[in-house]
Amino acid sequence: MKINQIYVNLPVKDIQKTKEFWTKTGFSINEQFSDDKAVCVVMSDNIYVMFLTEEYFQTFSERPVPKGDTTQVLVAIGLNSREEVDQVVNAAVANGATQHEEPQDYGWMYQNSFWDINGHGWNVTFADMSQLPTE
Amino acid sequence: MKINQIYVNLPVKDVQKTREFWTKLGFSINEQFSDEKAVSVVMKEDHIYAMFLNEKFFKTFTDRPIAKGDTTQTLLAIGVDSRKEVDNMVKTAIENGGSKYSEPQDHGWMYQNAFSDLNGHQWEVMFADMSQLPTE
């Protein structure tokens, strides 16, 4: 089984602010799937993140939206260089995100992370698979 | 900015049962990134992975407690290649300990069905025919 695309759906308080945040972080918006209730952030040709207002998000789940005091998901995204990793995290933090952990350098993988303005956690990575240690 | 890969990390109670569940749904496992603490499910080779981490291991990556399963922070929508694949996946999920939380929806250009997995994470499985997307 193979999937052809993924939409990671996350609840947010404010669509407009969320749209500005992700635009400033460097991503483009799919306007066709965005409106006043949702913004669709293009991560790649087949990977999207949909931020939905809590009210709209709530219509898709019978369980309540968490209040931001727990974690159910951490999304890790891979970029093409260490510079891109730091660029995205720095832009996020400059626009209201908070640094999560200190950057970590594993040699084959470099990782930095932030909590976005809605409290969702993002790990931003650059992996050089050719350097992955073999056991 | 474009990303090249996504790993959706989700906490689970039992890594082995989770591995069996996703294998039965037809997905393969990336053994290189799997061990007793985590299982890496390949959703689209080289691009899209779901990483299921046991709660203890997951906890090391966040300073907030793990959600107890009574709230929803994320809904994961995944696209497959036909309506049949959508229904097959949902059916297999339910036969193997998943549960149904909504009815299938047919939007014409998009067909969608959904299941809640063993660990209560909610998956919306869809087939979209973009050529049929209504234009306004």
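Since the model is a prediction, treat every value here as computed from it, not as a measurement.

Here we look at the overall build of chain B
Within chain B one finds three helices and eight strands. Of the regular secondary structure in chain B, the N- to C-terminal order runs β-α-β-β-β-α-β-α-β-β-β. Relative to the 2.2 N^0.38 estimate, which gives 14 Å for 136 residues, the radius of gyration of chain B is 16 Å and therefore close to what a compact globule would have. The buried share among the 136 residues of chain B stands at 38%.

A few points about the environment of N30 of chain B
Relative to the helices and strands, N30 of chain B resides in the loop between β2 (28-29) and β3 (38-44). Here the alpha-carbon distance between N30 of chain B and M43 of chain B, two residues 13 residues apart in the chain, equals 10.0 Å.

Structural notes on unusual backbone geometry
Glycine aside, residues mostly have negative phi, and peptide bonds are mostly found in the trans state. For D46 of chain B, which is not glycine, the phi dihedral falls at a positive 70°. Structurally, D46 of chain B is set in the loop between β3 and β4 (48-54).

What to know about the interface of chain B and chain A
Contacts between chain B and chain A engage 37 residues on the former and 37 residues on the latter. Elements represented by at least two residues in the side of chain B that touches chain A include exactly β1 (5-12), β3 and β5 (75-79) of chain B. Broken down by element, the side of chain B that touches chain A gets its largest block of residues, six residues, from β1 of chain B. Residue classes in the side of chain B that touches chain A are distributed as 20 nonpolar, 12 polar and five charged. Here five bridges tie strand β1 (residues 5-12) of chain A to β5 of chain B, and the two strands are oriented antiparallel to one another. When the sheet's bridge partners are listed, V8 of chain A is paired in β5 of chain B with L76 of chain B.

Comments concerning the sheet that holds strand β7 (residues 110-116) of chain B
Pairing in this open sheet of eight strands is mixed, and the strands run β2(A)-β3(A)-β4(A)-β1(A)-β5(B)-β8(B)-β7(B)-β6(B) from one edge to the other. Single-partner strands in this sheet number two, and they are β2 (28-29) of chain A together with β6 (105-106) of chain B. Judged from the seven bridges that link them, β7 of chain B and strand β8 (residues 122-128) of chain B form a sheet pairing that is antiparallel. Within β8 of chain B, the position partnered with S116 of chain B by the bridge is Q122 of chain B. Lying over the sheet, helix α1 (residues 15-24) of chain A contacts β1, β2, β3 (38-44) and β4 (47-53) of chain A, oriented at roughly 15° with respect to β3 of chain A. Packing of helix α3 (residues 83-95) of chain B onto the sheet brings it into contact with β7 and β8 of chain B, and relative to β7 of chain B it is tilted by some 10°.

A closer look at the domain arrangement of chain A
How big an interface is tends to be stated in terms of accessible area lost as the parts join. All names here are of chain A. Along its sequence, chain A is carved into domain 1 (1-60) and domain 2 (67-135). Taking the mean C-alpha position of each, domain 1 and domain 2 sit 18 Å from one another. If you look at the interface, domain 1 gives 11 residues, while domain 2 gives 11 residues. Broken down by secondary-structure element, the contributors of at least two residues to the side of domain 1 that touches domain 2 are β1 and α1. Per-element tally for the side of domain 1 that touches domain 2: the top contributor is α1, with four residues. Taken together, the residues of the side of domain 1 that touches domain 2 break down into five nonpolar, three polar and three charged.

Observations concerning the domain arrangement of chain B
Residue and element names in this part refer to chain B. Looking at the assigned domains, one finds that chain B contains domain 1 (1-62) and domain 2 (73-136). Spacing between the C-alpha centres of domain 1 and domain 2 amounts to 19 Å. Across the boundary between the two partners, domain 1 contributes 10 residues, which contact 11 residues of domain 2. For the side of domain 1 that touches domain 2, the elements supplying multiple residues, two or more each, are β1 and α1 (15-24). Considering every element that reaches the side of domain 1 that touches domain 2, the biggest residue donor is α1, with four residues. Residues of the side of domain 1 that touches domain 2, tallied by class, amount to six nonpolar, one polar and three charged.

Some words on the confidence of the model for chain B
Averaged over all residues, the pLDDT of chain B is 95; the fraction at 70 or higher stands at 99%. Both confidence scores are given for the complex: pTM 0.94, ipTM 0.93.

Remarks on the nonpolar core
Within soluble globular proteins, side chains that are nonpolar tend to cluster in buried spots. I6, V75 and I77 of chain A together with I6, V8, I78 and V125 of chain B are the most contacted members of the largest nonpolar core, which totals 67 residues. Apart from the residues within four sequence positions on either side, I77 of chain A is in contact with M43, W122 and V124 of chain A together with I3 and I6 of chain B.

Section: α1 of chain A
Residues and elements named next belong to chain A. For α1, the set of buried residues is T18, F21 and W22. One face of α1 carries all of its buried residues, which in axial projection span an arc of 90°. Where α1 is buried, its residues contact β1, β3 and β4.

Reading the values: rules and limits
- The residue numbers shown here count from 1 along each chain, following its written sequence.
- Think of it this way: whatever chain is written first is A, whatever ligand is written first is 1, and the rest follow in order.
- A pLDDT threshold of at least 70 governs which residues receive local features in this predicted model, and a stricter bar of 80 or more applies before side-chain atom pairs are shown or counted, although totals over entire chains, interfaces and linings include all residues.
- Secondary structure elements follow DSSP: runs of H or I no shorter than four residues count as helices, runs of E no shorter than two count as strands, and numbering proceeds from the N terminus.
- In this description the radius of gyration comes from C-alpha coordinates, and the expected globular size is given by 2.2 Å times residues to the power 0.38.
- Three exposure classes are used, based on other C-beta atoms lying within 10 Å of a residue's own C-beta, which is placed from the backbone: buried for 20 or more, exposed for 12 or fewer, and partly exposed in between.
- Note that contacts rest on C-beta atoms placed from the backbone: two residues are in contact if these are within 7 Å.
- The nonpolar class holds Ala, Val, Leu, Ile, Met, Phe, Trp, Tyr, Cys and Pro. Asp, Glu, Lys and Arg form the charged class, and all remaining residues, Gly among them, are polar.
- Pairs of strands are assigned from DSSP output, requiring at least two bridges between the strands.
- With axes taken as lines fitted to C-alpha atoms, and helix axes fitted only over the stretch in contact, angles between N-to-C directions fall between 0 and 180 degrees.
- Segmentation of the chain into domains, including their bounds, is taken from an automatic or database domain assignment.
- pLDDT expresses, on a scale from 0 to 100, how confident the predictor is about each individual residue.
- What we call a nonpolar core is a set of buried Ala, Val, Leu, Ile, Met, Phe, Trp, Tyr and Cys residues whose membership is set by joining through C-beta atoms within 7 Å.
- The arc under discussion is defined with respect to the helix axis, by the directions toward the C-beta atoms.

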